[in-house]
Amino acid sequence: MLRQAARLVATLALLAMVALPRSDGSAQEEEFALPNGRFYTQTVGGGRGFGIVDNAEAPFWSEFQRLGGVQGVGYPISRRFVWNGFVSQAMQRVVFQWRPDLGQVAFVNVFDLMSQQGLDDWLDQRQVPRPLPSSFDAGKDFGQVIQDRLALLDSNPAIRQQYNSVADPVAANGLPTSRVTDMGNHFSMRFQRVVMQQWKENVPWAAAGQVTVALGGTISAEAGLLPDKSALSPEAAPGLPPIVVIPSPTPTRVPRLVPLIYGFQVDPSESYSRALQLTTGAGFGWIKYQTRWEEFEPRAGAHNWGFLDGVVSGAEAAKVKVLLSVVTAPGWARPGQDLAVHGPPTDPLTYARFVGALAARYKGRVAAYEVWNEQNLAREWGGTGRQSAAAYVALLKPAYQAIKAADPAAIVVTGALTPAGNVNIPELGGLLARDDAEFLREMYQAGMKGSFDAVGVHPSGFNNDPALDPRDPAVLSRAGGFHAHRSFYFRNFEFYWDVMVENGDADKKLWFTEFGWASGCGAGVEWAYAQENTEQLQADYLARAYQIGKERGEIGAMFLWNLNFRTADQAKCAFAVLNPDGTPRPAYTALARLPK
């Protein structure tokens, strides 16, 4: 599901805040020697990155090495810039500032500055403790302030040891600015320049009891704290052509010959009749229901149709068309597989028989079927490393034939792919996601052509305006999180279209079977991007996305995730366009007002 893929990417972004890339032999291909320094591409990739050198302005390379190099301060994440009259450069953990009066680098008190700019609420969502009240220092001279603040370290010996592990801890980390705070799975303490975290349990980036240092420089850039945003734009590695930002070509427009399909994904267990009324009230004519095969055929040949009959009948009475997205094979169809994770059947023909039975039962009443969901994501396809385009096509082909044999008029949509790059993290089990555009190309190579009517897409927008073009290097190099890869952008669908055109399928359509923007609902750090979207931004982005879809003839359908999922699941609530009490959020109102 889109929310699962988004949570995966968001979780990876969170890991990047607390764990540095390892500096091992494999990293050497990403590093380049410079006169009096070194160039690193690890934080950007694609032959782009940042150099750190000694020159007449500042000996940052020498200071970088003195302070422990990558393991001490992280990789560089910016070019040089001037901050308050001092030559500066951001590393992942800290921001360097050359102090000629001291003859060495000093670190910027970035967390103090963020408090001064009113960002403590924003930092709350990143599990950074609140600063001490001003009364803590009241009536004390500076020597007593230092003594009392350092005494706060005594409550956590492990964090105290990490703090004192450098030659000049106050210069490196700043003074403590919070007490040790229980954050659930870890203890956290804020300093002027860094945040330290002691983990209570084993996590992929640290063992239980270990202390890690959050990336103060990275967080500063994400917060927009650095005064020169252009310094965050990467440069080309030595020996490669310089990066030239050029306007992206205007995509080839496909004339719209049939109306755009407007749809909501709905939860039929949540006041279904009202959900249908709200669907038609917004001018939408379709709903999507994710049909879990395991629930409707718990034993081979034993079908439980009652609930699904109600879903179809209710939509039929409301004159709303239905897309069924058929997922999650039952255990009996998965002999020899790990049943702790969702996955496809061992024999694709068992799936074909089930979707064929669906199409026969609901002939003329269910308008479209989506064959699986996010098959390039490990948690949807049987576990890490099992994702295979050829295996998916082996499922798609007989399913298409079975559906068409039972209901020739039904539309068959390929399972929409997770918007992601290749995500391979050994600490989390291996290959979690395959690059979606690459996977689609491999599906064609495996012979999917002719076995579908539309290509499923999940173009999530994260914290990005739907109009932004991910082909533009200037867009991808913006400061902040969820910007650096095309999969964070709504217009990622254009890469799918390129693959379809390459394979002679320009007469087919893209169906957005899930998409949306999240906001509110107290979404945690796994959903950091949702915290950056106000409810009004969510409404504006959705309205703009539908306008783009209406203008682009290659888009056949747009199903919004979601109308009415109002459970305790924060992600479902954050993507919904209704409040938990069922009243409309600004997004629903904006969509209802859209000309269709």
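This one's a predicted model, so the numbers in the text were calculated from it and none came from an experiment. (Residues numbered from 1 in each chain as written. Predicted model: local features only at pLDDT ≥ 70, side-chain atom pairs only at ≥ 80, totals over all residues. Heavy atoms only, no water.)

### What to know about the sheet that holds strand 7 (residues 104-107)
Spatially, 4-5-6-7 is the arrangement adopted by the four strands of the open sheet, whose pairing is antiparallel. Two strands lie at the open edges of the sheet, namely strand 4 (81-83) and strand 7, each paired on one side alone. Strand after strand, the sheet turns through a mean of 45° between neighbouring axes, direction not considered. Across three bridges, strand 5 (residues 86-90) lies against strand 6 (residues 95-99) in antiparallel orientation. Bridge assignment links serine 88 to a residue of strand 6, and that residue is glutamine 97. (Pairing = 2+ DSSP bridges. Helix = DSSP H or I, 4+ residues; strand = E, 2+ residues; numbered from the N terminus. Axes fitted to C-alpha atoms, helices over the stretch in contact; angles between N-to-C directions.)

### Some details on the pairing of strand 5
Strand 5 sits mainly inside the fold: four of its five residues count as buried. Pairing of strand 4 with strand 5 involves three bridges; the strand directions are antiparallel. Opposite tryptophan 83, over in strand 5, you have phenylalanine 86 as the bridge partner. Hairpin connection from strand 4 to strand 5: two residues lie between these consecutive antiparallel strands, with asparagine 84 at a positive phi of about 55°. In textbook terms, the turn of a hairpin is the stretch between consecutive antiparallel strands, and for strand 5 and strand 6 this stretch comprises four residues. (Buried < 20%, exposed > 50% of the residue type's maximum accessible area, 1.4 Å probe, protein only.)

### Observations concerning the packing of helix 13 (residues 348-361) against helix 14 (residues 389-406)
Their axes nearest at 8 Å, the elements helix 13 and helix 14 cross at an angle of 25°. Comparing their axes, helix 14 and helix 13 come out roughly parallel. When you trace helix 13 past helix 14, the crossing you get is right-handed. For the pair formed by helix 13 and helix 14, the contact residues are Pro348, Leu349, Tyr351, Ala352, Val355, Gly356, Ala359 and Ala360 on the first element and Ala394, Leu395, Pro398, Ala399, Ala402, Ile403 and Ala406 on the second. (Parallel < 35°, antiparallel > 145°, perpendicular 65-115°, else oblique. Left-handed = near helix turned anticlockwise from the far one by under 90°. Contact = heavy atoms within 4.5 Å.)

### Some thoughts on the packing of aromatic side chains
With the rule as written, the count across this model stands at 41 aromatic pairs. Here the aromatic rings of phenylalanine 284 and tyrosine 546 are separated by 5.5 Å at their centres, their planes lie at 65°, and the arrangement is edge-to-face. Remark: tyrosine 546 occurs in helix 18 (residues 535-551) and phenylalanine 284 occurs in the loop between helix 10 (272-281) and strand 14 (286-292); sequence separation between them is 262 residues. For the pair shown, phenylalanine 284 and tyrosine 546 are each scored as buried. When the centroid spacing of 5.4 Å and the interplanar angle of 75° are considered together, the rings of phenylalanine 482 and tyrosine 529 count as edge-to-face. Note that phenylalanine 482 is positioned in the loop between helix 16 (473-476) and helix 17 (493-502) and tyrosine 529 in the loop between strand 21 (509-512) and helix 18, a separation of 47 residues in sequence. The rings of Tyr262, Phe264, Phe284, Phe490, Phe493, Phe512, Phe515, Trp517, Tyr541, Tyr546 and Tyr588 are connected pair by pair, giving a single aromatic cluster. Its end group placed over the ring of phenylalanine 136, lysine 140 keeps NZ or CZ at 4.2 Å from the ring centre. The ring of phenylalanine 495 has arginine 486 sitting right over it, with the charged end atom 5.2 Å from the ring centre. (Phe/Tyr/Trp six-rings, centres within 6.5 Å; stacked < 30°, edge-to-face > 60°. Lys NZ or Arg CZ within 6 Å of the ring centre and 35° of its normal.)

### Quick word on the pattern of salt bridges
Overall, the coordinates contain 30 salt bridges when judged by the stated rule. For lysine 288, the salt bridge identified is with glutamate 514, shortest N-O distance 3.1 Å. Placement of lysine 288 in strand 14 and of glutamate 514 in the loop between strand 21 and helix 18 is noted, with a sequence separation of 226 residues between them. Like glutamate 514, lysine 288 is buried. The residue aspartate 505 makes a salt bridge to lysine 449 at a minimum N-O spacing of 2.8 Å. Remark: lysine 449 occurs in the loop between helix 15 (436-445) and strand 20 (454-457) and aspartate 505 occurs in the loop between helix 17 and strand 21; sequence separation between them is 56 residues. Salt bridges linked by common partners bring Asp469, Arg471, Arg491, Glu494, Asp498, Arg552 and Glu554 together as one network. (Salt bridge = Lys/Arg side-chain N within 4 Å of Asp/Glu carboxyl O.)

### Side note on helix 18
In a regular helix each residue adds 1.5 Å, so 17 residues correspond to 24 Å; helix 18 covers 25 Å between its end C-alpha atoms and thus fits that length. Residues of helix 18 that are buried include every one of Gln538, Ala539, Tyr541, Leu542, Ala543, Ala545, Tyr546, Ile548 and Gly549, and no others. Where the residues of helix 18 are buried, they touch strand 13 (261-265), strand 22 (555-560), helix 19 (570-575) and helix 20 (586-593). (Expected span 1.5 Å × (residues − 1).)

### Examining the state of the cysteines
Scanning all chains against the criterion turns up one disulfide. With its sulfur 1.9 Å from that of its partner, cysteine 521 forms a disulfide with cysteine 573. The S-S bond linking cysteine 521 to cysteine 573 shows a torsion near -60°; that makes this disulfide left-handed. Of this pair, cysteine 521 sits in the loop between strand 21 and helix 18 while cysteine 573 sits in helix 19; the two residues are 52 residues apart in sequence, bridging distant segments of the chain. The class of cysteine 573 is buried, set by a relative accessible area of 9%. (Disulfide = S-S within 2.5 Å.)

Distances and angles like these do not, on their own, reveal function.
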